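Fold and geometry: a report
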Protein chains: 2
Amino acid sequence: MYIDNFYIALLHYPVYNRKGDVVTTAVANVDIHDISRAAKTFGARHFYIVTPVLEQHRLVEKILEHWLRGFGADFNPSRKAAFQIIRLKKNLEEVQDDIASLSGARPKVIATGANLPQDERLRSPGSLKREILDSAGSFLFLFGTGWGLADEVIGMADYLLTPIRGPFEYNHLSVRSAVSIILDRLWRENFE
Amino acid sequence: MYIDNFYIALLHYPVYNRKGDVVTTAVANVDIHDISRAAKTFGARHFYIVTPVLEQHRLVEKILEHWLRGFGADFNPSRKAAFQIIRLKKNLEEVQDDIASLSGARPKVIATGANLPQDERLRSPGSLKREILDSAGSFLFLFGTGWGLADEVIGMADYLLTPIRGPFEYNHLSVRSAVSIILDRLWRENFE
């Protein structure tokens, strides 16, 4: 049994920089490639790239064009398959509307991050997976670029996912690593 | 309880290209960053970057210099901590010798990849973890760039790690995603 009603979104605003200011980050080419491949492997319905900057939309569209219809489409068909699940949106509102139009209702939103508040919205991957499998609705996982999702995003989330931790204090994964690990944890049977 | 006697190595030769030829790939800057951070988070003792091309060694050394002692060291101390576990070697032989000099004996070698032969060397992350925890020796996980490790490397491995699979046919993760997922699977308690 697998989860067939989940989406992921990578937010480039509002996120923190290393000083704790809310900023807009630039879209990184490697995020498009790595995260779309992980999302496709583990069965996300769409991978939303979210930025309010329209110049960045044009840049991403150019990259998508290359791999979906240009030289890259023939050169690397598996990259094409991954890029087909990408959608480009200006903000979270647009993402939620898009999912509502696809699945009939707005998704429940799950925030991820290394430093989430310890409140009653916190869920382990295993318990969240069971809830998703039991639900008729859809679910949207949010990932932040930069130094992570701004508090205003975390504040509106329905759930918070237990942060990834290693055995020691050090805990500075790239967002590409975090997405990959979380999707693997959700997919795998008998997580707990 | 955590594993404290394992190492990872990223091989740029001998690996396949998409046509199945054995080639040497170029070191990707994002591999250095993402894989060192994941290795540091999950407690690998060293992350070996392996390429026979000496020009690539000079390039990697320049990048390491920036983050270990240059501007980057102050700018981003967590990146410095991750980069401190990186070692640069010309081939697998040198990696094994280095581990032998650190731990007293050559490591057992575990090959990873999406298309490994189905033979008696295959191990799940859980069973391999138990073996590593029970062993006084050290263990080296090999990851291939390009289209994966060449057969000559897979042939000399002591173990093969069960490939990562999602729910469907599609299975084209970046090596950065694969390393992250495998380290998370090894670290986590009660995997099976």
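In this text, all values refer to a predicted model and were calculated from it rather than measured experimentally.

1. Structural notes on the interface of chain A and chain B
- Listed as interface residues are 36 residues of chain A and, on the opposing side, 35 residues of chain B.
- Both faces considered, chain A and chain B share a buried interface measuring about 3,400 Å² in area, 58% of it formed by carbon and sulfur atoms.
- Taken as a group, Thr41(A), Pro167(A) and Tyr170(A) account for 20% of the area that chain A buries against chain B, more than any other trio of residues on that side.
- In this structure, Arg185(B) and Asp184(A) form a salt bridge, with 2.6 Å as the shortest nitrogen-oxygen distance.
- Our count for the chain A to chain B interface comes out at 20 residue pairs in polar contact (both at pLDDT 80 or more).
- Of all elements in the fold, only α1 (29-42), α4 (77-83) and α8 (175-187) of chain A reach the threshold of two or more residues within the side of chain A that touches chain B.
- Across the side of chain A that touches chain B, the residue classes break down as 16 nonpolar, 11 polar and 9 charged.

2. Observations regarding the layout of surface pockets
- One number sums up the size of the largest pocket: a volume of about 1,300 Å³.
- What lines the largest pocket is a set of 48 residues, and nearest its centre among them are Arg37(A), Gly146(B), Trp147(B), Leu173(B) and Val175(B).
- For the lining of the largest pocket, the element with the most residues is α1(A), which contributes 5 residues.
- Looking at side-chain class alone, the lining of the largest pocket contains 21 nonpolar, 18 polar and 9 charged residues.
- Quantified by volume, the second largest pocket comes out at close to 1,100 Å³.

3. Notes on the sheet that holds strand β1 (residues 6-11) of chain A
Residue and element names in this part refer to chain A.
- Ordered in space as β5-β4-β1-β8-β6-β9-β7, the 7 strands form an open sheet in which the pairing is parallel. Each having just a single partner strand, β5 (86-89) and β7 (122-123) make up the two edges of the open sheet.
- Where β7 meets strand β9 (residues 159-161), 2 bridges bridge the pair, whose relative direction is parallel. Within β9, the residue paired with Leu122 across the bridge is Leu160.
- In the packing of α8 onto the sheet, contacts are made with β1, β8 (139-144) and β9, and the angle to β8 comes to roughly 155 degrees.

4. As for the environment of Ser103(A)
All names here are of chain A.
- Topologically, Ser103 is positioned in helix α5 (residues 92-103).
- With 33 residues separating them along the chain, Ser103 and Ala136 place their C-alpha atoms 9.6 Å apart.
- A polar contact is formed between the side chain of Ser103 and the backbone oxygen of Ala105, at a distance of 3.3 Å.

5. Some details on the relation of the copies chain A and chain B
- The two copies are related by a screw motion: chain A maps onto chain B through a turn of 180 degrees and a shift of 0.0 Å along the axis, at an RMSD of 0.0 Å. Expressed as an axis order, the relation between the two copies is that of a two-fold axis. Residue Ile181(A) of chain A places its C-alpha closer to the rotation axis than any other residue of that unit, at 2.5 Å.
- Taken together, the interface assignments show that 97% of the residues at the interface of chain A recur at the interface of chain B, consistent with an identical surface on both copies.

6. Considering the confidence of the model for chain A
- Considering every residue of chain A, the mean pLDDT works out to 95; 98% of them sit at 70 or more.
- Scored as a whole, the predicted complex attains pTM 0.96, and scored at its interfaces, ipTM 0.96.

7. Some points on the pattern of salt bridges
- Scanning the model with the defined rule gives 20 salt bridges over all chains in all.
- Across the pair Asp31(A) and Arg176(A) runs a salt bridge, and its minimum N-O distance is 2.5 Å. Of the two residues, Asp31(A) sits in helix α1 while Arg176(A) sits in helix α8, which places them 145 residues apart along the sequence. Comparing Asp31(A) with Arg176(A), the two get one shared label, buried.
- If you follow the salt bridges from partner to partner, you end up with Asp31(A), Arg176(A) and Asp34(B) in one network.

8. Remarks on the sheet that holds strand β4 (residues 47-50) of chain B
- The 7 strands lie next to each other as β5-β4-β1-β8-β6-β9-β7 (chain B), forming an open sheet whose pairing is parallel. The strands lining the two open edges of the sheet, one partner per strand, are β5 (86-89) and β7 (122-123) of chain B.

9. Section: the packing of aromatic side chains
- Enumeration over the complete set of coordinates arrives at 10 aromatic pairs over all chains.
- Relative to Tyr48(A), the ring of Tyr7(A) has its centre 6.2 Å away and its plane inclined at 35 degrees; by these criteria the two rings are tilted. Here the residue Tyr7(A) occupies a position in strand β1, and Tyr48(A) occupies one in strand β4 (residues 47-50), the gap between them amounting to 41 residues.
- We classify Tyr7(A) as buried; its relative accessible area is 0%.
- On the accessibility criterion, Tyr48(A) (0% relative accessible area) is buried.
- Ring centres of Phe71(A) and Phe75(A) lie 5.6 Å apart, and the angle between their planes is 25 degrees; this geometry places the pair in the stacked category. Of this pair, Phe71(A) and Phe75(A) are both found in helix α3 (residues 71-75), 4 residues apart, which corresponds to roughly one turn of the helix.
- Among the residues examined, Phe71(A) registers a relative accessible area of 59% and is labelled exposed.
- Judged by its relative accessible area of 32%, Phe75(A) is partly exposed.
- Taking the ring centre of Trp67(A) as reference, the NZ or CZ of Arg79(A) above it sits at 5.7 Å.
- Here the guanidinium or amino end of Arg18(B) rests over the ring plane of Phe75(A), the centre of that ring lying 3.9 Å away.

Conventions adopted
Residues numbered from 1 in each chain as written. Chains lettered and ligands numbered in written order. Predicted model: local features only at pLDDT ≥ 70, side-chain atom pairs only at ≥ 80, totals over all residues. Heavy atoms only, no water. Contact = heavy atoms within 4.5 Å. Buried area = accessible area lost by both parts, 1.4 Å probe. Salt bridge = Lys/Arg side-chain N within 4 Å of Asp/Glu carboxyl O. Polar contact = N/O pair within 3.5 Å; in protein donor to acceptor, adjacent residues only side chain to side chain. Helix = DSSP H or I, 4+ residues; strand = E, 2+ residues; numbered from the N terminus. Nonpolar A, V, L, I, M, F, W, Y, C, P; charged D, E, K, R; others polar. 1 Å grid on protein atoms, 1.4 Å probe; cavity = no way out; pocket = protein on both sides within 12 Å on 5 of 7 lines; lining within 4 Å. Points joined across faces, edges and corners; volume = space filled by probe spheres on them. Pairing = 2+ DSSP bridges. Axes fitted to C-alpha atoms, helices over the stretch in contact; angles between N-to-C directions. Least-squares fit on C-alpha atoms with pLDDT ≥ 70 in both. pLDDT = per-residue confidence, 0-100. Buried < 20%, exposed > 50% of the residue type's maximum accessible area, 1.4 Å probe, protein only. Phe/Tyr/Trp six-rings, centres within 6.5 Å; stacked < 30°, edge-to-face > 60°. Lys NZ or Arg CZ within 6 Å of the ring centre and 35° of its normal.

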